[in-house]
Structure formats: structure tokens, C-alpha cells
Amino acid sequence: MTDYRIGIDVGGTNTDAVVMDGDDNLLAKTKTPTTEDITSGILSALDVVLDDSGVSEDELDYVMLGTTHATNAITERRGLNEVGVIRIGAPATQSIRPLLEWPDDLAAAIGNNVAILDGGHEFDGRLLNDLDEEQVRAQIREFADVDAFAVTSVFSPVRDDHETRVAELIREEVGDDVPISVSNEIGSVGLLERENATALNAALTSVASEAANAFVEAMDERGIDANLYFGQNDGTLMSVDYAIRYPIFTVASGPSNSVRGAAYLSAVENGIIVDVGGTTTDVGAVTEGFPRESSVAVEIGEVKTNFRMPDIIAIGIGGGSIVSTDDGVTVGPQSVGYKLTEEAKCFGGETLTATDLEVAAGTIDIGSETPDVDAEIVEAAREYVRERVEREVDRMKTSAEPVPVVIVGGGSILVPDDIAGASEVHKPDHYEVANAVGVAIAQVSGEVDRIYSLDEMDREEAIQHAKDEATDNALAAGADADSVDIVDVEEVPLSYLPGNAVRIKVKAAGALDH
């Protein structure tokens with residue numbers, strides 16, 4: 001088996017693609033403008049790398065896609081399902097209704113259908129209130145016209161009986177065609193953030209299904225009969241079916257792909273990654289080769305969620321950033337984005353961009369013209385970029401000690417090689433397509449995040465239970481059973497809860513099953 005594979009990452013400005021062989025050698029790469037319908041941009045990138053690599057369609061074993069479909073749908077409030085949001089937790093959780101803190105337009109886009117019903121459990125699994133099945137059935141009938149259901153029960157990451165039963169009742173009432181998202185499979189302990197993530201996931205299932213179908217049809221159109229995977233936001237892969245069921249995990253997969261790709265290309269397993277794109281620069285941390293996960297609630301579409309997300313800081317500086325001299329020299333956050341080749345001065349346009357400065361300084365040679373820019377403006381803009389990047393690198397560090405910094409992305413030329421706080425700065429080969437490399441080399445993972453009462457089992461039993469469940473989740477996502485390893489274990493005592501409670505998070509990852 002050749003194990004040829006293609007990694008494709010769809011960004012806001014460019015769609016990047018690479019072809020790699022079974023030994024992880026990069027055979028071809030390209031950056032093409034992202035298109036409005038996304039799919040045609042994917043096909044264009046696919047055609048270029050296949051032609052350049054000499055690899056034929058029937059030699060491909062895998063195609064991996066990092067996509068922005070879900071992120072765009074939330075941002076634009078477009079294509080979202082109407083969702084029936086059912087919370088099991090009355091009367092204890094009635095003081096704050098579901099979707100209360102959502103922006104009005106986003107809540108309206110998913111129908112604003114919410115209900116709080118009897119049931120739920122305590123943190124240690126004790127029954128909080130009985131589930132009233134007749135009450136649940138009546139509510140399901142009231143939500144009969146929704147496109148999807150989101151079910152959340154208080155402390156369901158500890159005990160999911162009520163969520164599971166409500167999902168069964170929904171199946172009995174409306175059949176198998178309506179997607180159901182249950183919160184214990186998506187978020188961690190906090191009720192409101194977990195509920196938000198679950199409702200967003202339910203809202204995105206049609207978007208994910210359309211994206212997956214377009215992906216499959218695009219491969220069919222090119223005669224490619226390969227295993228297809230989506231990148232997810234922990235830097236690993238999931239099958240197409242898994243992506244349709246859990247589309248929320250594709251949000252922020254692009255920055256995660258960059259972190260994984262940068263770590264692979266530079267051989268830096270622990271450090272800071274700076275990914276300079278066309279519009280923004282993402283600064284993240286890599287820990288043992290994987291993106292560091294955010295430890296606080298992350299907002300998606302102005303909604304707080306608590307499912308796993310990479311710890312990323314985005315700043316409005318990229319190759320297409322507009323340079324202003326109105327009040328001192330500043331770079332961004334306004335950008336010409338994907339219109340760089342139309343509007344930037346080096347391409348004959350009228351707008352002075354960050355890319356124009358480097359062309360004027362002679363550090364890169366692109367475009368049809370060399371802009372006439374005062375050297376003092378170039379230097380001032382470079383210092384502006386340096387200060388912004390150094391500030392965010394410092395924020396991402398966990399100690400004052402210098403750490404390795406890896407700079408990737410098409411706009412890497414904007415960042416200097418000497419950064420304060422860096423022990424060493426890497427700009428590895430193929431830096432401009434690190435995101436596509438990241439999704440091409442990715443593994444398959446599974447996670448678990450649960451509270452255990454050590455009054456009911458000892459610590460070793462609790463950790464082993466979490467490891468077993470994380471491994472099962474990795475296998476369900478498409479990992480090869482013989483290759484799955486536990487790559488991360490976190491244990492946090494919860495002294496504010498009775499019962500000697502401890503929160504255990506475990507991540508397992510393995511190679512693709514083929």
C-alpha cells in the first residue's frame with residue numbers, strides 16, 4: 001500500500017493542499033484562493049497537487065479536510081437547523097432558561113424553542129428528581145416541527161440515564177430521521193456552557209451533512225475512491241459520519257491543524273506556534289505535539305461553551321492587512337483578505353498592505369509592481385507587528401522562561417526571526433502550508449471529561465475507567481485498535497464538592513484504521 005494522502009485546509013483567504021506519501025514526505029503543495037462556495041476551491045487545490053505530484057486519483061488512500069463550514073454558518077447565522085432545546089433539571093435549574101445569554105439573532109435563527117422538564121442527577125450520580133416521561137413526550141410533540149433536538153441534563157457527564165432515555169423517547173415520537181444531540185457526548189460539567197455547545201451542535205447537523213455530501217461528491221467527481229476524514233479542533237481526525245453527528249468539533253480546526261503541522265515540520269513538540277495568514281495571526285501553544293486546550297469557557301458566535309477548544313489568540317494582522325499612516329503607522333485589523341491579488345499595490349491595486357511593505361523592502365518578490373514606500377514606514381510597520389506578536393507570545397507562555405517559537409503560514413515573512421521571550425525561532429520548510437500538513441498527518445482521538453466520587457471507587461479505578469472510555473471514543477471515531485495510546489491525563493480534585501470528588505480528563509489517540 002502506498003498510503004498516499006491529501007490534506008486540504010480551507011481558510012478564510014486561501015485553500016491549502018498537500019500530497020504526502022506513507023513516510024510523511026511532502027510530494028506537492030499549493031495555495032489557492034478560497035472560493036465563495038468552498039467546494040470549487042477544494043477541487044482547484046486538489047487538481048493542482050495531483051498534477052504536481054504525479055500521483056493519480058486511484059493511488060490515493062486518504063483525503064483529509066479541514067473546513068470552515070460550521071464556523072461560517074454560526075458567524076453568518078445561515079443554514080442552521082431549528083432546534084428543540086430540552087433541559088432535564090426542573091425544578092432545580094429553572095432560574096436561568098436555555099439560550100438566555102445568546103445573541104437575539106442567533107437564538108432566533110435556531111427557533112428559540114426551549115423547555116425545562118423534571119429530572120436530573122446530583123454531581124455524585126444521586127437522583128435529583130424523577131424523569132416525567134409523559135411530560136417529556138408532550139414536550140416532544142410540541143416541538144414536532146423542529147429539525148433537530150438538543151438534550152441536556154444536569155450533571156449528565158456523571159450520569160447520562162435521563163439524557164439517554166429522553167433521546168429514546170424522541171426516537172419513539174418522531175422517528176430516526178431527526179438528529180439528536182445529547183450533552184454528555186459534547187461538553188464538560190458546567191450546565192449552561194454544555195447546553196450551549198449541544199444546541200449549537202444540533203443547529204449545525206444539516207450544515208455538516210451538506211458539507212460532507214459536497215466533499216464526497218467532489219471526490220466522486222474526480223474519481224477518487226479514498227477514505228475521507230474531517231479535521232477536528234483537537235488536531236486529530238474524525239470519520240465523515242462522526243463529523244455529521246458532531247459538527248461542533250470542526251469549529252477552530254484550522255488553527256489546530258496549523259499547530260500540529262508546525263510541530264511536525266519543526267520537530268518542536270512543546271512551544272508556541274505563530275500562524276500568520278492573510279487576515280489574522282493565530283498564536284497557540286503545542287504540548288507534546290498536540291494543541292493546548294483552553295481551560296476556560298470559549299465563545300463561539302458570542303455564545304459561551306465548554307467543549308474542548310484549542311487555546312488560541314487571534315490578532316488582526318496578516319499578509320492582506322491594510323497599513324495605515326493616519327495616526328502613526330499601524331497594521332490591520334482591516335484587511336483586503338482574499339482580494340489581495342486585486343487590491344494590493346504590488347498587484348497593481350490601490351491599497352497599501354503588509355505584503356506591499358515586504359515587496360518594497362525586497363524581502364519577497366511577488367506581484368507585478370514594486371510599491372514605492374518610505375523606508376521609515378516599512379520599519380515602523382515591522383516594529384508594530386513585532387510588538388503585537390511578542391505580546392501574544394508572552395500571554396501564551398506558562399512561565400517566564402524562554403520557549404521555542406515556530407512561525408508558519410503564508411504571511412510568515414511579516415514576523416522577524418528574533419522575538420523576545422523565544423529561546424529559538426523556527427521557520428521550517430513548507431511553513432506556508434503547515435495547516436494542510438497538519439490535517440494530512442493527523443491521528444484519530446477520543447476524549448472523556450467526567451467527575452468521579454472517590455467514596456465509591458478508588459483513584460486507580462476511576463482513572464482506568466476514564467482511559468477505557470477515551471479509548472472506546474477513539475475507536476468509534478475511526479482509530480486502529482492496535483495503535484491507540486493514552487496521550488494526556490488530567491486530574492483535578494474538586495474540594496468544593498462533597499464525596500471526595502475528582503474531575504478526570506483523558507485523551508486517547510491512534511493511527512487511522514485501514
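Our structure's up above, just so we're on the same page.
Residues numbered from 1 in each chain as written. Predicted model: local features only at pLDDT ≥ 70, side-chain atom pairs only at ≥ 80, totals over all residues. Heavy atoms only, no water.

J.: Tell me about helix H11 (residues 375-396), and name the residues and values.
T.: Look at H11: 32 Å from first C-alpha to last across 22 residues, which is about the 32 Å you get at 1.5 Å a residue. On its buried face, H11 is in contact with strand S11 (271-276), strand S12 (281-287), strand S16 (312-315), strand S18 (330-335), helix H10 (354-361) and strand S19 (403-408). Between a side-chain oxygen at the N-terminus of H11 and the backbone nitrogen of Glu376 the separation is 2.7 Å; the capping residue is Asp374. (Helix = DSSP H or I, 4+ residues; strand = E, 2+ residues; numbered from the N terminus. Expected span 1.5 Å × (residues − 1). Contact = heavy atoms within 4.5 Å. Polar contact = N/O pair within 3.5 Å; in protein donor to acceptor, adjacent residues only side chain to side chain.)

J.: So what's going on with the packing of aromatic side chains? Residues and values would help.
T.: A full pass over the atoms with the stated rule returns five aromatic pairs. Consider the rings of Tyr62 and Tyr229, whose centres lie 6.4 Å apart with planes at 50 degrees: the pair is tilted. Taken together, the positions of Tyr62 in strand S4 (residues 60-66) and Tyr229 in strand S9 (residues 227-231) put the pair 167 residues apart, joining distant regions of the chain. Each member of the pair Tyr62 and Tyr229 is classed as buried. The lysine or arginine in question, Arg260, covers the ring of Phe290, its NZ or CZ lying 4.4 Å from the ring centre. (Phe/Tyr/Trp six-rings, centres within 6.5 Å; stacked < 30°, edge-to-face > 60°. Buried < 20%, exposed > 50% of the residue type's maximum accessible area, 1.4 Å probe, protein only. Lys NZ or Arg CZ within 6 Å of the ring centre and 35° of its normal.)

J.: How would you explain the side chain of Arg386 if you had to name every residue and give the values?
T.: In this structure, Arg386 sits in helix H11. Residue Arg386 is classed as buried on the basis of its relative accessible area of 17%. Not counting residues up to four positions away in its chain, the partners in contact with Arg386 are Pro416 and Asp418.

J.: So, the packing of helix H4 (residues 133-142) against helix H5 (residues 161-174): which residues are in play, and what are the values?
T.: Running from N to C, H4 and H5 cross one another at 50 degrees; their axes reach a closest spacing of 10 Å. One way to sum up the angle between H4 and H5 is to call them oblique. Crossing of H4 against H5: the hand is right-handed. Residue-level inspection shows Glu133, Val136, Arg137, Ile140 and Arg141 of H4 in contact with H5, the latter providing Arg165, Val166, Leu169, Ile170, Glu172, Glu173 and Val174. Of the residues contributing to the contact of H4 with H5, the split by class is six nonpolar, no polar and six charged. (Axes fitted to C-alpha atoms, helices over the stretch in contact; angles between N-to-C directions. Parallel < 35°, antiparallel > 145°, perpendicular 65-115°, else oblique. Left-handed = near helix turned anticlockwise from the far one by under 90°. Nonpolar A, V, L, I, M, F, W, Y, C, P; charged D, E, K, R; others polar.)

J.: Give me the nonpolar core: which residues, what numbers.
T.: One finds Leu60, Val63, Trp102 and Ile248 to be the most contacted residues of the largest nonpolar core, which totals 83 residues. A per-element tally of this core places helix H6 (residues 191-221) first, with eleven residues. If near-sequence neighbours (up to four positions away) are discounted, Leu60 is found in contact with Tyr4, Arg5, Ile6, Leu50, Val55, Ile224, Asp225 and Ala226. Counting residues in hydrophobic clusters, the runner-up holds 26 residues, among them Ile272, Ile313, Leu414 and Ile419. (Core = buried A, V, L, I, M, F, W, Y, C linked by side-chain atoms within 4.5 Å.)

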